[in-house]
Structures are given as structure tokens and as C-alpha cells.
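Structural overview for review
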Amino acid sequence: MNSASDKLHALLDARMASWSGIGRYTTGLIRALDARDDLKLTILASSDARQIIEVGGKLKNIDYIDATANPLLPAGTHELTTTYLQSSADLLHCLHFCAPSRNLLQRPIVATIHDLIPLAVPASMPNPFKRIVYKRKIGHTLQTACQIITPSQTTADDIQKYFPQAQIPIRIVAEAADDFGTEPLLQPSISYPYLLAMGNTKAHKNLDLLIKVMRKLGLSHSGIKLLLVGDTDEQWLGKQQKLFPQIRQHVHFTGAITDEQLRGYYAGAQAFLYPSLHEGFGLPPVEAAKFGIPVLTANIGAPSEVMGGAVLALDPHDAQAWISAIAKILSDKHYAQQLGQKAQLHAQSFNWAKTAATTVAVYQEACNITVKPPSLIRT
């Protein structure tokens, strides 16, 4: 630890603060770390990322270093390497899977690996060359870091599955959503009942299941619609329309929305649907649960692990199971209310202060590790 101060000095790579999932983790963790009195933080971030981090007000214990390079490219690796070499920080925390060059092996590096979705569900990254590069980057990070943080046991198990030679401590640190939507809630001007889901159409999100659900559910509940959060994916809609000609009557994208708008969509939904085949944590179910609405997730992977018995966990390949569960929610208000209250109570156990405290414990452990070059990890 820096002898000039009793505060641990951490350099955080926040260049992905504008990314959806990683960005939520980056901003939530940084704000919670900044609220502590035992840290000095230096943040590597672009000007755009800095604006996102400081939404709601300037942070108190942070110095910034301007970033200009894409973290996924060689120039980004060089930028991070140089920044750490020139820094007086006690350790570096890579808030995503990109780590510096191997010449820093004698200095503590902590890295957060959120998920290994491209390896677990190859269709989510169909380009085989990109998957090879991705796997090599993960392998490099497992060589370079002295501690790995994952948000779930699911991701920890995936690391051991796809990189069995990796010999590195893995610490599970849950994420949170208690800072989500500090702005006033904005209710959408929607006159019909709706189900809500995230509109990411990548293969692992399993939205095809929800289309099968809406094809049948629309026959018995003609007024219900499915809203997908995000911009319209015309290519995906066109593909689905071949199987479900009436899809545009029952399924709508919200378009790009702000956090306060998303909060309004959560609050007004009959239920939140999250049928993902694979996730590293799954923040949307936690966010939705905060608003006391029923949450349905797949019964495999991280969302089921994270939400436990507080949600309806269903087979992500069984459309009929989802149809039956949703139909009961729509027809039984008391049942829906009970499910929502149960989910809401569970969501309260996740908060960024707790995440930050556990992360600092990992920092302290990393600073006490004698960092040695590990054996090569084959990728």
C-alpha cells in the first residue's frame, strides 16, 4: 500500500462505462467506492464515460485520466499498460475482461469477468474469428491478474470449465441495482396491459421463446402486448414475422429510453420476462423486482441463482410453461401481487455499498499476494 497515505489507492479501468451491462456495473461500483473514506481512486475513462459516471453529481475522491483508445484493440491494451506503469496506484482493477500487457505481472491486478456468454452460447457471437480473439483475451487476463471477480457462481464455474488450467483465486461479488433510476419515475402513455422484456435479440437472450408465447397467448388474451426495451430490430422482426404474421400487433419495441422511462415501464408492467439461456448475473430481473411486479426467469444459469425462489423460474425451452404461468398472473391479481412482493423483498438484499465493501476486501487480499508469473494458459 502507498506509504504516503493509509488509504488504498486503486486505479480503475472504466473505459466501458457507456456499455449497457458493464456500464451499469462500472457506474454503480465507482459511486459506491467513492462514498467510502478508505480509498483513493484514479479512473481511466473517456470524456463520454466520465459524463456517465458523474450523472447525478461530481464524485469527491476521484482523479481522472483521459482515455482515447478502444479497450478491445492493441492500442487500448497499450494505453492501459502505460497508464498503470506511470501510476502510483497500489493496484489496478479492470472492470471488464481486458487486462494490461504481461510486463506488469509484479504489480497487483484485479479483473472482473462478468460472463463467458460467447463461449457458452456460440450463436451469440457467430463470427468464429471474434470468438477466438475473445477467448484469447480472457486467457490473457487469467494469466495477468492475481484475483478474478465474478458476479455469480455461474461465471466462476464457466471459467473453470473453459479454462481448466487457470490457477487463480476467484471471488464472487454480487452486483446491485439500488442506485438505478434516481430520477423521477416517468410512466409511459400506454393504454393497454403489457408484458416487459429486454429487446436484445442476440441468441442467448432467447426472445424466440417469447414470440412462441405471444402467438398462443394472444388467442386467449387478445389485449395483452409484449414490449421489448430498445430500438426496433427490423431484421429480427422480419424473420419472426414469417412464423408469426401478426407479430407487429402483439410485439412492440419501446425505442431508446432513459433510466427514468425504463423505471416507468417496469412499474406499469403486468410481469417482467427474462428467458435468457445464459447470463453472468442478470441485472434486469433485480431492477424489475424493485418495483414489486412478478418476475419470470429461466431456471438455469445466473438469473435463477441470483433471484432464487423469489421469482418464477421456468424451462427456457418450454413455451407452454411460460404461457401457463403468464396466464395465471394475468387472471389472478392476488397471486400476481404475492409474486411481486416476494421478488421486491428479495431485491432489497442487493446494494452497491455491500458490493463495494466486498470488492475492497478483494483489493486488500490482492495487495497481500506475492504476484508471480503463472504457467501459460492454453486457449
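Look up: the structure comes first, before these words.
Residues numbered from 1 in each chain as written. Predicted model: local features only at pLDDT ≥ 70, side-chain atom pairs only at ≥ 80, totals over all residues. Heavy atoms only, no water.

1. So, the sheet that holds strand β12 (residues 295-298)
Within the open sheet, the six strands sit side by side as β10-β9-β8-β11-β12-β13. Their pairing is parallel. Sheet topology places β10 (251-253) and β13 (312-314) at the edges, where each strand pairs with a single neighbour. On average, each strand axis in the sheet is inclined to that of its neighbour by 25 degrees, with strand direction left out of account. As defined by bridge partners, strand β8 (residues 194-198) adjoins strand β11 (residues 271-274) across two bridges and the pair is classed as parallel. Residue L195 lies in a different strand from β11, and its bridge partner there is A271. (Pairing = 2+ DSSP bridges. Helix = DSSP H or I, 4+ residues; strand = E, 2+ residues; numbered from the N terminus. Axes fitted to C-alpha atoms, helices over the stretch in contact; angles between N-to-C directions.)

2. Re helix α7 (residues 207-220)
In this model, α7 (14 residues) spans 21 Å end to end at C-alpha, consistent with the 20 Å of a helix rising 1.5 Å per residue. Taken together, the buried positions of α7 are L207, L209, L210, I211, V213, M214, L217 and G218. (Expected span 1.5 Å × (residues − 1). Buried < 20%, exposed > 50% of the residue type's maximum accessible area, 1.4 Å probe, protein only.)

3. What about helix α15 (residues 352-367)?
The end-to-end C-alpha distance of α15, which contains 16 residues, comes to 22 Å, matching closely the 22 Å that a straight helix rising 1.5 Å per residue would cover. Every buried residue belonging to α15 is among W352, T355, A356, T359, V360, V362, Y363 and A366, and all of these are buried. Buried residues of α15, seen end-on, are gathered within an arc of 160 degrees and therefore sit on one face of the element. At the N-terminal end of α15, a side-chain oxygen is found 3.3 Å from the backbone nitrogen of A353, two or three residues along, and the residue is N351. (Arc of directions from axis to C-beta. Polar contact = N/O pair within 3.5 Å; in protein donor to acceptor, adjacent residues only side chain to side chain.)

4. Overview of the sheet that holds strand β4 (residues 91-94)
Here we have seven strands laid out as an open sheet, ordered β3-β2-β1-β4-β5-β6-β7, and parallel in their pairing. Two strands bound the open sheet, and with one partner strand each, they are β3 (62-66) and β7 (170-172). The average undirected angle you get between the axes of adjacent strands in this sheet is 25 degrees. Pairing of strand β6 (residues 147-150) with β7, which is carried by three bridges, proceeds in the parallel orientation. By the bridge assignment for β7, I148 is matched with I170. Running over the sheet, helix α3 (residues 74-86) touches β1 (8-13), β2 (39-45), β3, β4 and β5 (109-112) and is turned about 155 degrees from β4. (Contact = heavy atoms within 4.5 Å.)

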